[in-house]
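Now for the letters of each chain:
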Amino acid sequence: MNIKFTLLFLLVPVLSIGQENDSDEIDEIEFAEKLTYSFSSEIFKDKAYETDLDHDYTMPWKKTLYTEEQIEQALDTLIKNASIKIEKGSFSNHVLRFNSYFPEFIDEGLMEYFDLSIKKSTIINRGVNLEIQESGSSGYGSQSSSGYENGISFSHLWRTLNTSFNIKTTVTTEEYKGAVVFKSGFINSYNYLKISSADIGKKMSIGGHEFTVVDIIHNSVILDFGVDAEDLELKFVNLNQKGERFISSGSTFSSQTLFEDTYKLFKNNPKLTFEAYKKEFHTRYVALIENAEKNTEVEENIFGKKYRVFTASGKLMNAYLYEPKYTSKEFKIIWEENPIEHTPKAPKVIPTESNPMLQFRTENEDAVLIGDTIALLDTDLNLIKTIETGVFVKSLGITSTFYNKKKLDETCDGYKYIKIAYEGKEYVVAGKNVFKLKKLEIQAQENGSDIEFFSASSTDDYLQNILPGAGFNFCEHTTFSPIIIHNVKSGKYSFIALIEEGDVYHEISSELKKANFFQSETSLKSIELVKNGFTLDFKDNLASFKVLVMQKNNSFTAKYIE
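Criteria and cut-off values
- Per chain, residue numbering runs from 1 following the sequence as it is written.
- Side-chain atom pairs in this predicted model are given and counted only at pLDDT of 80 or more, local residue features only at pLDDT of at least 70, and totals for whole chains, interfaces and linings cover all residues.
- Remark: hydrogens and water are excluded; side-chain values derive from all non-hydrogen atoms of the structure.
- Only DSSP runs of H or I reaching four residues or more are called helices, and only runs of E reaching two or more are called strands; each is numbered from the N terminus.
- Exposure categories follow from relative accessible area, calculated using a 1.4 Å probe and restricted to protein chains: below 20% of the type maximum is buried, above 50% is exposed, and the middle band is partly exposed.
- By the convention used here, residues are in contact when the closest approach between their heavy atoms is within 4.5 Å.
- Areas reported here follow the Shrake-Rupley algorithm with a probe of radius 1.4 Å; residue values treat only the protein chains shown as occluding.
- Under the counting rule used here, the positive set is Lys and Arg, the negative set is Asp and Glu, and His together with the chain ends is not counted.
- One speaks of a salt bridge when a side-chain nitrogen belonging to Lys or Arg is within 4 Å of a carboxyl oxygen belonging to Asp or Glu.
- Only rings of Phe, Tyr and Trp enter the pairing, Trp through its six-membered ring, and a pair is recorded when the two centres are within 6.5 Å. The plane angle decides the type: under 30 degrees is stacked, over 60 is edge-to-face, the rest tilted.
- We treat two strands as partners when DSSP finds at least two bridges between them.
- Interaxial angle, 0 to 180 degrees, is taken between N-to-C directions of lines fitted to C-alpha atoms, where a helix line uses only the stretch in contact.

**Student:** I keep staring at the overall build of the protein and nothing clicks. Help me out?
**Tutor:** Scanning the protein from N- to C-terminus turns up 9 helices and 34 strands. A total of 562 residues make up the protein; the buried ones form 46% of that total. A separation threshold of at least 6 residues defines the contact pool for the protein, and within that pool the share at least 24 residues apart is 67%. Here the protein has roughly 30200 Å² of accessible surface; of this, 47% comes from carbon and sulfur atoms.

Written out as structure tokens, the structure reads:
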């Protein structure tokens, strides 16, 4: 939550009624005093932290939704197919409406990662240059195309964009001329900075914005940017030692303005009452009204410089300030009387065995590759190289149809192709070799453990589950179900080597002995931290057993003990 207000804004009713009604003026001033007192005093109050944890949180700067190449292609498609028109708005006089669409691989994250704004407008209506709001209201829709041709089924889905920009000037006729310069972009990375109590008094910078850490009070960081920082895209996050995010009442952080003189007053007396606050500042509110017609700097002249306060959920442990970095392009659209609204069209070329024309929708998952040998392919399915089993990768995309080598295959032998990132490069692999990682709901409860447990499994997204056109005939696949270790500090995943000895080991299902790593299809009930390792308790209607997982250096072993 970003709390944006100015004292002048709160006192607009007073300024509008002037001095005609003294009682109304007193009421409005007291309202402004109470509101600013409430926001300010909350920073200094003793806290009883009631928080939840986001166990699946990933630091924004550690994940990539789209590659730089994909962003460039998406922006080019958006610009090429953009059109504008002016029409009556639902709540305002008129709006300028922007329409376009994205390539198929852009299928998520638009509300969070995409931005469109107006940089300049020269649209004229009856000799008057229309004043158009820089930011707009965006709606994201979809358009699909599917069918069956030459024995091959196809399906396509595009995300569409409709953004409305309010026109502040009154429109008198429907005759326009001129152009609009837009700026659109996607977040490609983040600037980030860790802040702790050791930084109080220090000068720091993030993304070219210099600031001083004025103070840290409870779960609030008070910063002096030297300028009004309300419009900076700065965000704040507080993590525990495992990298899990604190959440309070559905919120992760808030940001607000705090005046220097208010800070000093509460710093000296954190339990300051409203009456004491009013005694100190009431004459300043009156002076603010008297000087309101001078300039916007009057607030700082009366109340001191503006600090920016970032308040986190939970007690500060690992606090980060961060802001997005964009890959952006500016482009001009000239006004046309009857603009062509472009619509997406399915590719005309039909996939063949020699030219499968793979199309991927976006994914962003951690996964492990398992198989006798793993073939790394290019997008034409030509072999680049092979690697050994057990490699951890990031999945970037998935095809919409099933294949077997270069042929479309809707039988149980079919699988989807997955685009992955491995050693800094992109490859394509067969979905039958890709196992998604999922964090187990049950973890070791003791604080201080840097180890998390994950499962790895093949998914119906990658393999044909039910044979098409055959009722409920299910496909059978040879698969694995390994339990994976994740080191929170290093970010690395690793298998657990299975110790093949003991009476209990000889009693377990032969299916679980097909690989030299530990795996389980039985429900996990608990994990206990023991000396040099963990005890995992598995139990369901079919089986019940305990496993001792031991750590030596950076490797792990598993032994059945009950």
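**Student:** Would you mind going over the side chain of K419 with me for this structure?
**Tutor:** Counting through the fold element by element, K419 comes out in strand β24 (residues 417-422). There is no salt bridge for the buried K419, and the closest opposite charge comes from E426, which lies 4.2 Å off by N-O distance.

**Student:** Any chance you could explain the packing of aromatic side chains here in plain terms?
**Tutor:** Geometry of an aromatic ring pair is reported as the spacing of the ring centres plus the angle between the planes. Applying the stated criterion across every chain, the model contains 38 aromatic pairs. Residues Y403 and Y417 carry aromatic rings whose centres are separated by 5.7 Å and whose planes lie at 45 degrees to one another, so their mutual orientation is tilted. In this pair, Y403 is assigned in strand β22 (residues 403-404) and Y417 in strand β24, connecting sequence segments 14 residues apart. Assigned by exposure class, Y403 and Y417 land together as buried.

**Student:** How do you make sense of the sheet that holds strand β10 (residues 203-206) when you look at a structure like this?
**Tutor:** The strands making up a sheet are joined through hydrogen bonds of the backbone, oriented either antiparallel or parallel. Ordered by their spatial adjacency, 5 strands build an open sheet running β10-β11-β12-β16-β15, and the pairing between neighbours is antiparallel. Among the strands making up the open sheet, the edge pair consists of β10 and β15 (253-259). Ignoring which end each strand starts from, the neighbouring axes of this sheet average 35 degrees apart. Strand direction decides the pairing type here: β15 and strand β16 (residues 306-312), joined by 7 bridges, are antiparallel. Counterpart to S254 in the pairing with β16 is T311. The sheet strands contacting helix α6 (residues 260-268) are β11 (209-217), β12 (220-224), β15 and β16, and the helix crosses β15 at an angle near 100 degrees.

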